[in-house]
Amino acid sequence: MSTTPQAIRGTQDIFGAEAEAFAHVVETFERVRKLYRFRRVEMPVFEKTEVFSRSIGETTDVVSKEMYSFEDRGGESLTLRPEFTAGIARAYITNGWQQHAPLKVATHGPLFRYERPQKGRYRQFHQIDAEIIGAAEPQADVELLTLADQLLKELGIADGVSLQLNTLGDGASREAWRLALIDYFRAVKAELSEDSQDRLERNPLRILDSKDPRDKAFVADAPKIDDFLSGEAQEFFGQVTSGLDAAGVAWTRAPALVRGLDYYRHTAFEFVTDRLGAQGTVLGGGRYDGLMESLGGPFTPAVGWAAGIERLAMLLGNTAEPNAQVIVVVEDDALLDKAIGAITKLRSAGLSADLVAAGSPRKRFDKASKMGADALVAYAIRDGAESVRVRGERQAEIDRILS
Ligand code: ATP
Ligand code: MG
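Everything numeric here is computed off the predicted structure, so don't read it as measured data. (Residues numbered from 1 in each chain as written. Chains lettered and ligands numbered in written order. Predicted model: local features only at pLDDT ≥ 70, side-chain atom pairs only at ≥ 80, totals over all residues. Heavy atoms only, no water.)

## What about helix 14 (residues 361–369)?
Next, step 1: Residues of helix 14 that are buried: Arg364, Phe365 and Ala368. Mapping the buried residues of helix 14 onto a view down its axis gives an arc of 90°, with all of them on the same face. Seen from the open side of helix 14, the exposed residues pointing more than 90 degrees away from its buried face are Arg362 and Lys363.
Next, step 2: Against the buried residues of helix 14 lie strand 12 (326–330), strand 13 (353–356), strand 14 (375–382) and strand 15 (385–392). (Buried < 20%, exposed > 50% of the residue type's maximum accessible area, 1.4 Å probe, protein only. Helix = DSSP H or I, 4+ residues; strand = E, 2+ residues; numbered from the N terminus. Arc of directions from axis to C-beta. Contact = heavy atoms within 4.5 Å.)

This is the structure:
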């Protein structure tokens, strides 16, 4: 007997109630992004490797150990996208999308990262993503965060999910903070995790983001960005928080929050929950004013976020697959074509419908009755004559559609 190939570790075959929850997240996102006038984009699943290595940063986990990179048959190094932002930034530059600035775009789809698979963490996972490109004003940050907040509210999962907000300041503030962090962590270097010892000089902000308990012990007393913020950076952050207050978006200041990627400036944020164990970050993002230049484009301020669809779907719980509104049951095979005509009319009129026309004719009606539909339409032969019976709710509506 030959063996069946197994699915790749860290991929998922999503089915049933979980698939309904997944689709509900995407449908709700599609509805809400239209309210905020974000335009839909579809992006390639793979890009030249440098699109990610130059923008996300060589010192990040994503680039240094999580990318699926390969050489194609032409010898070019390509990478399955680990995030959306870099590809969208590349497209913005290469397609001349500058003419649409400020450009509000949204998308969703699969991403790929070579991680240790566990609950809420996969090697192929899915995100919804929203970006505002070519907008330097704090209102853009506010609009983007309000979109995220409304999405969580409409999904019914806002309770128990909180917005953690920080500022990383402008380039000068961030650099002064970086030097102070190097000084601080250098003094305890030997007690840090190997990863953090390694990133101490190059990227000390990342130590604040570490999940290793050896690092966490020192994070609480590390220098805070607030002591290094320029007047301008303070002003910017003040406008973000007052805008959020005006929009009714609750937030908590998280002074040690930095994002895993190098490109952030000013606003950085995460929506977190304690309902998902270790995988508690459902949505993350921030302002990435330096990203376009790292890809060889002109200075272009921008802000964006991405959220894991699986993690949002897990918070929703399982969304039951809905019952059909109408079941059309064929009790005599001679009436099959009539029933097909009828069910097509019902579906065209916007009612969800299933056909029961297989198995023993005597058992079909019982089977159909148990399917929990609002209405049943039964095709049978009674005393040599065709009979069409409509039962349950919506009888007048169904009679009208079928007449
Ligand atoms: P984490 O700290 O959990 O690794 P991250 O900072 O790497 O998250 P981002 O790059 O900000 O995550 O991606 C945004 C969102 O995408 C995360 O908040 C999470 O919901 C989701 N996400 C990221 N990586 C995975 C994964 N491997 N599996 C499932 N969802 C993921
Ligand atoms: Mg990660």
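## Here's the deal with the pairing of strand 11 (residues 302–308)
In summary, the side chains of a regular strand alternate between the two faces of the sheet.
Next, step 1: Among the seven residues in strand 11, seven count as buried, and that is most of the element.
Next, step 2: Every second residue of strand 11 is oriented toward a common face, with Ala302, Gly304, Ala306 and Gly308 on one face and Val303, Trp305 and Ala307 on the other, all of them buried.
Next, step 3: Note: strand 6 (residues 124–133) against strand 11, seven bridges, orientation antiparallel. Looking across to strand 11, one finds that Ile132 is bridged to Val303.
Next, step 4: Looking at chain direction, strand 10 (residues 281–287) and strand 11 are connected through five bridges and run antiparallel. Within strand 11, the residue paired with Gly285 across the bridge is Trp305. (Pairing = 2+ DSSP bridges.)

## What about the packing of aromatic side chains?
Next, step 1: Counting across every chain of the model gives four aromatic pairs.
Next, step 2: Taking 6.5 Å as the distance between ring centres and 25° as the angle between the ring planes, the aromatic pair formed by Phe46 and Phe70 counts as stacked. Placement of Phe46 in strand 2 (residues 46–48) and of Phe70 in strand 3 (residues 68–71) is noted, with a sequence separation of 24 residues between them.
Next, step 3: The residue whose ring lies beneath Arg123 is Tyr114, and the NZ or CZ to ring-centre distance is 4.0 Å. (Phe/Tyr/Trp six-rings, centres within 6.5 Å; stacked < 30°, edge-to-face > 60°. Lys NZ or Arg CZ within 6 Å of the ring centre and 35° of its normal.)

## Side note on the UniProt feature "binding site: L-histidine" (unreviewed entry) in the protein
Next, step 1: Under the feature "binding site: L-histidine" (unreviewed entry), the UniProt entry names Glu83, Phe84, Thr85, Arg113, Gln127, Glu131, Arg259, Tyr263 and Tyr264.
Next, step 2: Relative to the helices and strands, Arg259 resides in the loop between strand 8 (252–253) and strand 9 (265–273).
Next, step 3: For Arg259, a relative accessible area of 16% gives the class buried.
Next, step 4: Beyond its immediate sequence surroundings of up to four residues, Arg259 is in contact with Arg206, Asp209, Tyr264, Ala268, Phe269, Glu270, Gly284 and Gly285.
Next, step 5: Within the structure, Arg259 has its side chain in polar contact with the side chain of Glu270 (distance 2.7 Å).
Next, step 6: Mapped onto the secondary structure, Tyr264 falls in the loop between strand 8 and strand 9.
Next, step 7: Classification of Tyr264 by relative accessible area gives buried; the value is 5%.
Next, step 8: When sequence neighbours within four positions are dropped, the list of residues in contact with Tyr264 reads Leu168, Arg174, Arg259, Gly285, Gly286, Arg287 and Tyr288. (UniProt positions renumbered as here; feature names shortened; annotations may be inferred. Polar contact = N/O pair within 3.5 Å; in protein donor to acceptor, adjacent residues only side chain to side chain.)

## Examining a nonpolar patch on the surface
Next, step 1: A contiguous nonpolar surface patch, about 200 Å² in accessible area, is contributed by Leu336, Ile340 and Leu355.
Next, step 2: Summarising the element assignment, Leu336 is placed in helix 13 (residues 336–348).
Next, step 3: When its relative accessible area of 30% is taken as the criterion, Leu336 is described as partly exposed. (Patch = residues over 30% accessible without salt bridge, like charges linked within 9 Å, V, L, I, M, F, W, Y side chains within 5 Å. Areas by Shrake-Rupley, 256 points an atom, 1.4 Å probe, with all protein chains shown as cover. Salt bridge = Lys/Arg side-chain N within 4 Å of Asp/Glu carboxyl O.)

## What to know about the pairing of strand 13
Next, step 1: In terms of strand pairing, strand 12 meets strand 13 through four bridges, oriented parallel. Residue pairing in the sheet places Val326 in a bridge with Ala353 of strand 13.
Next, step 2: Taken together, strand 12, helix 13 and strand 13 constitute a β-α-β crossover, and its handedness is right-handed. (Right-handed = clockwise from strand over helix to strand, strands pointing away.)

## Topic: the sheet that holds strand 9
Next, step 1: On the basis of which strands lie adjacent, the open sheet formed by eight strands has the order 1-5-6-11-10-9-7-8 and mixed pairing. Taken across any chain shown, the strands that pair with only one partner, and hence form the sheet edges, are strand 1 (39–40) and strand 8.
Next, step 2: On the sheet, helix 4 (residues 85–94) packs against strand 5 (103–112) and strand 6 and is oriented at approximately 40° with respect to strand 6. (Axes fitted to C-alpha atoms, helices over the stretch in contact; angles between N-to-C directions.)

## Structural notes on the environment of Arg287
Next, step 1: Inspection of the secondary structure assignment puts Arg287 in strand 10.
Next, step 2: Within polar-contact distance, the side chain of Arg287 engages the backbone oxygen of Glu137 at 3.3 Å.
Next, step 3: Within the structure, Arg287 has its side chain in polar contact with the side chain of Asp289 (distance 2.9 Å).

## Points about the site of ligand 1
Next, step 1: Neighbouring ligand 1 are 15 residues; Arg113, Glu115, Tyr122, Lys211 and Arg259 lie closest to it.
Next, step 2: When ligand 1 sits alone it has 590 Å² of accessible area, and the protein chains cover 90% of it.
Next, step 3: Elements supplying a minimum of two residues to the shell around ligand 1: strand 6, strand 10 and strand 11.
Next, step 4: For the shell around ligand 1, the leading source of residues is strand 10, giving three residues.
Next, step 5: Class assignment of the residues belonging to the shell around ligand 1 gives a composition of five nonpolar, four polar and six charged. (Near = heavy atom within 4 Å. Nonpolar A, V, L, I, M, F, W, Y, C, P; charged D, E, K, R; others polar.)

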